Amino acid sequence: MDMSTLQAQQTLFVKQKFTFMVNRYEVWTADPAGNPLSMVCFAQQKRMAMKEQVSLYTDESKTHVLAAFKARKVLDLGGAYDVTDGNGAPIGVFKKDFAASLLRSTWHLDQPGLPTATGQERNMAIALLRRFTDISFLPYHFDFARGDQVAFSVEKQWGIRDKYVVKINDPHLDRRLVIAMAVGLDALQSR
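Residues numbered from 1 in each chain as written. Predicted model: local features only at pLDDT ≥ 70, side-chain atom pairs only at ≥ 80, totals over all residues. Heavy atoms only, no water.

Along the protein chain, the regular secondary structure elements total 3 helices and 12 strands. Taken over 191 residues, the protein chain has a buried fraction of 46%. In the protein chain, the share of contacts with a sequence separation of at least 24, taken over all contacts with a separation of at least 6, comes to 38%. Entry remark: accessible area of the protein chain is about 9800 Å², with carbon and sulfur atoms responsible for 57%. (Helix = DSSP H or I, 4+ residues; strand = E, 2+ residues; numbered from the N terminus. Buried < 20%, exposed > 50% of the residue type's maximum accessible area, 1.4 Å probe, protein only. Contact = heavy atoms within 4.5 Å. Areas by Shrake-Rupley, 256 points an atom, 1.4 Å probe, with all protein chains shown as cover.)

Before going further, it helps to examine the pairing of strand S7 (residues 90–96). Two faces belong to every sheet, and in a regular strand the side chains alternate between them. Burial of S7 is extensive: 5 of the 7 residues sit out of reach of the surface. Of the pairings in the sheet, the one linking strand S6 (residues 80–85) to S7 comprises 5 bridges and is antiparallel in character. Residue pairing in the sheet places Ala 80 in a bridge with Lys 95 of S7. Strand direction decides the pairing type here: S7 and strand S8 (residues 106–110), joined by 4 bridges, are antiparallel. If you follow Phe 94 over to S8, its bridge partner there is Leu 109. (Pairing = 2+ DSSP bridges.)

Let us look at the nonpolar core. Grouped burial of nonpolar side chains is what soluble globular proteins tend to show. Membership of the largest hydrophobic core comes to 41 residues, with the highest contact counts inside it found for Phe 94, Phe 152 and Val 183. Those residues in contact with Phe 152 that sit more than four places away from it in its chain are Leu 109, Phe 142, Asp 143, Phe 144, Val 166, Lys 167, Ile 168, Asn 169, Leu 173, Val 178 and Met 181. (Core = buried A, V, L, I, M, F, W, Y, C linked by side-chain atoms within 4.5 Å.)

Here the focus is the pattern of salt bridges. Oppositely charged side chains are able to pair whenever their charged atoms sit close together. Taken as a whole and judged by the stated rule, the model has 8 salt bridges. Where Asp 143 meets Arg 122, a salt bridge forms, and the shortest distance between an N and an O atom there is 2.8 Å. Linking Asp 143 in strand S10 (residues 141–146) with Arg 122 in the loop between strand S9 (117–121) and helix H2 (124–132), this pair joins segments that are 21 residues apart in sequence. We classify Arg 122 as partly exposed; its relative accessible area is 37%. In this structure, Asp 170 engages Arg 146 in a salt bridge whose closest nitrogen and oxygen atoms are separated by 2.4 Å. Of this pair, Asp 170 sits in the loop between strand S12 (163–168) and helix H3 (175–188) while Arg 146 is found in strand S10, placing the two residues 24 residues apart along the sequence. Under the relative-accessibility criterion, Asp 170 is labelled buried at 11%. (Salt bridge = Lys/Arg side-chain N within 4 Å of Asp/Glu carboxyl O.)

This part is about unusual backbone geometry. Residues other than glycine seldom take positive phi values, yet Lys 62 does so here, at roughly 60°. For Lys 62, the location among the structural elements is in the loop between strand S4 (53–57) and strand S5 (65–71).

Right, let's talk about empty space enclosed by the protein for a bit. Scanning all chains against the criterion turns up 1 cavity of 30 Å³ or more. Considered as a void within the structure, the largest cavity measures approximately 30 Å³ in volume. Glu 121, Arg 122, Asn 123, Ile 126, Pro 139, Tyr 140 and His 141 together form the lining of the largest cavity. (1 Å grid on protein atoms, 1.4 Å probe; cavity = no way out; pocket = protein on both sides within 12 Å on 5 of 7 lines; lining within 4 Å. Points joined across faces, edges and corners; volume = space filled by probe spheres on them.)

Take a look at the structure:
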C-alpha cells in the first residue's frame, strides 16, 4: 500500500496473534464499523527482550519495514519510545505518563509540527478493575486528545484474542505513528 493510500485511512483494525516466543500483530484497513479489509502491516515483538523494539513490516515476509519503535532506555517507568520510518528517519515519539497511569493509563504522543496528543483510558472503573484484579480480558478504550478534540481512539474489542479498532479523526497524524501507538498499547500496557 502506498503512503498516500495509508494516510487516507480513517479506520484500522489491529489483531494480536499469540505465539510461544513472540507477539505478532496484523494491522488492516477497515470499514467504518471496524471490519478488516486489507492488511497494511505485520508487526513482531520478542517477549522478555531487555530493550523493547518492535518492527512494523509491510507484510509477513518481513522484507520491507514500514516503521519501527524502540525504547530509549532498558528500564524506565515512564518509558519513551522513538518511532522511525522504514529508513530510520524519526516520525515521532510516544511516552507513558507514569504518575497519571497509577489510576488510568496515560500516554503522550508527539509528532513534529503538531501539538501533543494525550491518550488516557476512557473508563475509570475498568481502569481500576484492570489494576486490582486478575481479569485480563476486559476491553479498554483510549482516546488521544488535544484539548477537547479527539485526534484518534483505540478501542479493544471483547474476546479471547486482543483485537482493536482504531478511529482516526486528525488527517494530519502520520498513520505509521498511530499504528505504532496502537500496537504499543497492547505490547507495553502491562509494563
